[in-house]
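Letter by letter, the chains look like this.
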Amino acid sequence: ALSLEAHGPGDDRPEKPRRYGVTEMRSPCYSFRPAHHALQEILDNIGPFVDGLKFSGGSHSLMGKELIREITNLAHKHDMYVSTGDWAEHLLRQGPSSFKQYVEECKELGFDTIELNAGSLKLPEEAILRLVRLIKNTGLRAKPLFSVKFDSSDIPAAGDRAFGAYIAPVKQSSERVEDIDLLIRRAERCLEAGADMIMIDADDVCQRADSLRADIIAKIVGRLGLERTMFETSGANTSEWFVKRYGPR
């Protein structure tokens, strides 16, 4: 996602819908009805610069269907896609059929993109690929979210095992280990399965401008490409860094 402050009349981006230089913003998620009017005012002013609207923290699970449709319709009027955020993992406890119903309901409510937080799903890799394919078969866009740190017990003990290959269960560990190559390999396989975009979690990468990891960002962009990678940021300074380093495209 790119900083709004860096966009201007000469930002060298095409008209929406765009494949690159994509900006995604979070929706208000605490005061629903007043937030709808605030959101309309925001989009009336900056709509041309914003490509997507993300529902934050599973906020749509607490809203009535009528209000959700109002917000998704408002975003579509401004030529913006609407993403679910990373709420899907909370539904998987009820079994695979509940996830399929969730995706179908999201489509009916006007969502365009289903975000999957691969870190918190705690599923075998092959299962993540099945979810990506299920989303695509429903006609929606799939956007897996990856963190650069993994539980040490999730990292293959030897070599680059085939994606989805059987791995004997091991005791879960609370130790978090940075593994950029593993992130990239899993992201590449999600893209091969049909994922439309890979979201990179801001934690440990670009949450703060003074601790931004340019080495990690460069490696991910170099392997996955700018058109298929989106980075979460937590502030204007961090967002602006991306535009200055990689350009508005």
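The structure this text deals with has already been given above.
It should be emphasised that the depicted structure is a prediction, and the values quoted were computed from it without experimental measurement. (Residues numbered from 1 in each chain as written. Predicted model: local features only at pLDDT ≥ 70, side-chain atom pairs only at ≥ 80, totals over all residues. Heavy atoms only, no water.)

Colleague: How should the nonpolar core be read in this particular structure?
Modeller: Here is a general trend for soluble globular proteins: nonpolar side chains tend to be buried in one another's company. With 56 residues, the main nonpolar core has Ile220 and Phe231 as its most contacted residues. Counting residues per element, this core draws most heavily on helix H6 (residues 180–192), at seven residues. Counting six residues, the second largest nonpolar core, distinct from the first, contains Val22, Tyr81, Leu145 and Met230. (Core = buried A, V, L, I, M, F, W, Y, C linked by side-chain atoms within 4.5 Å. Buried < 20%, exposed > 50% of the residue type's maximum accessible area, 1.4 Å probe, protein only. Helix = DSSP H or I, 4+ residues; strand = E, 2+ residues; numbered from the N terminus.)

Colleague: Explain the packing of aromatic side chains to me, please; I cannot follow it from the model alone.
Modeller: Each aromatic ring pair is summarised here by two numbers: the centre-to-centre distance and the angle between the ring planes. Applying the stated rule across the entire model yields five aromatic pairs. Ring geometry for Phe55 against Phe111: centres 5.0 Å apart, planes inclined by 65°, an arrangement best described as edge-to-face. Here Phe55 is found in the loop between strand E2 (52–54) and helix H2 (65–77), whereas its partner Phe111 is found in the loop between helix H3 (96–109) and strand E4 (113–117), with 56 residues between them in sequence. Considered together, Phe55 and Phe111 belong to a single accessibility category, that of buried residues. Ring centres 5.1 Å apart and planes at 90° place the aromatic pair Trp241 and Phe242 in the edge-to-face group. (Phe/Tyr/Trp six-rings, centres within 6.5 Å; stacked < 30°, edge-to-face > 60°.)

Colleague: What am I meant to see in the environment of Gln207 here?
Modeller: Tracing the backbone through its elements, the reader meets Gln207 in the loop between strand E8 (198–200) and helix H7 (214–224). Along the sequence, Gln207 and Thr233 sit 26 residues apart, while their C-alpha atoms lie 5.5 Å from each other.

Colleague: I keep staring at the pattern of salt bridges and nothing clicks. Help me out?
Modeller: Working definition: two side chains of opposite charge can pair if their charged atoms are close together. Scanning the entire structure with this criterion turns up 19 salt bridges. Among the salt bridges present, the one from Glu115 reaches Lys54, with a minimum N-O distance of 3.1 Å. Pair noted here: Glu115 is in strand E4 and Lys54 is in strand E2, with a separation of 61 residues, a long-range link. On the basis of relative accessibility, which here comes to 0%, the residue Glu115 falls in the buried class. Salt-bridge contacts for Glu108 lead to Arg69; the nearest nitrogen and oxygen are separated by 2.5 Å. Placement of the pair is Glu108 in helix H3 and Arg69 in helix H2, with a sequence separation of 39 residues. Owing to a relative accessible area of 29%, Arg69 belongs among the partly exposed residues under this scheme. Each member of the salt-bridge network shares a partner with another, and the members are Glu24, Arg26, Lys54, Glu115, Lys143 and Glu232. (Salt bridge = Lys/Arg side-chain N within 4 Å of Asp/Glu carboxyl O.)

Colleague: Would you mind going over unusual backbone geometry with me for this structure?
Modeller: Keep in mind that most residues, glycine aside, have a negative phi and that most peptide bonds are trans. Pro17 follows Lys16 through a cis peptide bond whose omega is 0°. Tracing the backbone through its elements, the reader meets Pro17 in the segment before strand E1 (24–26). The phi torsion at Asp79 lies on the positive side, around 55°, for a residue other than glycine. At Asp204, a position not held by glycine, the phi torsion is positive, near 70°. Structurally, Asp204 is set in the loop between E8 and H7. Given the relative accessible area of 37%, Asp204 is considered partly exposed.

Colleague: Where do I start with the pairing of E4 in this structure?
Modeller: The side chains of a regular strand alternate between both faces of the sheet. With five of five residues buried, E4 is to be regarded as a mostly interior element. The alternating pattern of E4 places Thr113, Glu115 and Asn117 and Ile114 and Leu116 on opposite faces, both of which are buried. As paired strands, E4 and strand E5 (residues 141–146) are joined by five bridges and run parallel to one another. Counterpart to Ile114 in the pairing with E5 is Ala142. (Pairing = 2+ DSSP bridges.)

This is a description of form; function is not addressed.
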